[in-house]
Amino acid sequence: MSGSARAWVRLPSGRRLDLLAPTPFDWTDEDLAIGLARTFRWGGHSVWPGAPLSVAQHSLAVLALRRRARPAPRRAEALRELLHDAEEGLTNFDCISPLKPFLGPGFMALQDRLASVVAQRYALAPWDAEGKKLHKRLDVAMAAAEAVHVAGWSRAEVRAVLGIRARVMEADPLAAAFGGVPWQPWPPELAAQRFLDALRGLQEPLAARPGATTTPA
């Protein structure tokens, strides 16, 4: 990468972020929540009219599954779960998994760089082997359910075409906490607020967070 290369984006707060040289101070919590709420899974495809599924809602769903699992997560583990796809909210791009190898090492390095500064900002500890294994199991289970209930794949296709072996859960893990129609994608503004509420609830006091703000974006 050239030393003069830049890839600037202007964030809702008015801050600017260079995707090629990010720092932990470049965005607000509101920026991240809005970015994840405007970044859509499954290529934006949805059986719900006008309602694709956001990464923000997906992240909250995986966190809900983790909170039901054993051992129960500590706050730091729950925060890491909530932020497991946080870098996608900075690029506004959730690449479907089979496509990632075709985007090349530069794209993978970009994702890793952004994930690293997210980890720095929110003091996320690295996954241990058991934690990573549990996370992957829950993330895949959520993907299987989303494939059927949101993206419109049949249960047979989830296994035969998508290659996902997880059982397709019927109950929406977010329904108990938030109500509404099970599996219906939330509007971006609602998804952003609910993600932001969860993020704030899991963080250390504001003074301990780099670049934190209480001012709405």
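Just above, that's the structure.
Numbering of residues starts from 1 in every chain and runs along the sequence as written. Note on the predicted model: pLDDT of at least 70 is required for a residue's local features to be given, and 80 or more for side-chain atom pairs to be given and counted; whole-chain, interface and lining totals, by contrast, use all residues. Side-chain numbers come from the whole structure's heavy atoms, not from hydrogens or water.

## Topic: the overall build of the protein
Within the protein, the secondary structure is distributed over nine helices and two strands. When its helices and strands are written in sequence order, the protein yields β-β-α-α-α-α-α-α-α-α-α. Our radius of gyration looks at C-alpha atoms and nothing else; its globule reference is 2.2 Å times the residue count to the power 0.38. Against the compact-globule benchmark of 17 Å for 217 residues, the protein has a radius of gyration of 17 Å, which places it among compact chains. In terms of its C-alpha atoms, the protein occupies a principal-axis envelope of roughly 50 × 40 × 40 Å. Exposure classes here rest on a 1.4 Å probe applied to the protein chains alone. A residue is buried below 20% of its type maximum, exposed above 50%, and partly exposed in between. The burial tally for the protein puts 47% of its 217 residues in the buried class. In what follows, a contact means two residues having at least one pair of non-hydrogen atoms within 4.5 Å. When contacts within the protein are restricted to residue pairs at least 6 apart in sequence, those whose partners lie at least 24 apart make up 64%. Runs of H or I in DSSP of at least four residues are treated as helices and runs of E of at least two as strands, each being numbered from the N terminus.

## Considering helix α5 (residues 104-121)
Look at α5: 27 Å from first C-alpha to last across 18 residues, which is about the 26 Å you get at 1.5 Å a residue. Buried residues of α5: G104, F107, L110, Q111, L114, V117, V118 and R121, and no others. Taken around the axis of α5, the buried residues stretch over an arc of 130 degrees, which confines them to a single face. Exposed residues lying more than 90 degrees from the buried face of α5 are P105 and D112. Of the surrounding secondary structure, the elements contacted by the buried residues of α5 are α1 (29-37) and α4 (86-91). Once α5 ends, the next one or two residues include A123, with phi positive near 55 degrees. What a helix is expected to span follows from its residue count: subtract one and scale by 1.5 Å. It is the directions from the helix axis to the C-beta atoms whose arc is reported.

## A few points about the packing of aromatic side chains
Note on ring pairs: Phe, Tyr and Trp rings are taken, using the six-membered ring of Trp, and paired if centres are within 6.5 Å. Classes follow the plane angle, with under 30 degrees stacked, over 60 edge-to-face and the rest tilted. For the structure shown, the criterion picks out two aromatic pairs. Centroid distance F93 to F107: 5.8 Å. Interplanar angle 65 degrees. Geometry classified as edge-to-face. Pair noted here: F93 is in the loop between α4 and α5 and F107 is in helix α5, with a separation of 14 residues, a long-range link. Its relative accessible area of 15% is what places F107 among the buried residues.

## Description of the pattern of salt bridges
We define a salt bridge as a side-chain nitrogen of Lys or Arg found within 4 Å of a carboxyl oxygen belonging to Asp or Glu. Considering all chains together, one arrives at seven salt bridges under this definition. Residue R121 pairs with D29 through a salt bridge whose shortest N-O separation is 3.1 Å. In this pair, R121 sits in helix α5 while D29 sits in helix α1, placing the two residues 92 residues apart along the sequence. As far as burial versus exposure is concerned, R121 and D29 are alike and both buried. A salt bridge links R41 to E146; the shortest N-O distance between them is 2.6 Å. Highlighted residues: R41 in the loop between α1 and α2 (55-68) and E146 in helix α6 (residues 129-149), separated in sequence by 105 residues. With respect to burial, R41 and E146 carry one shared label: buried.

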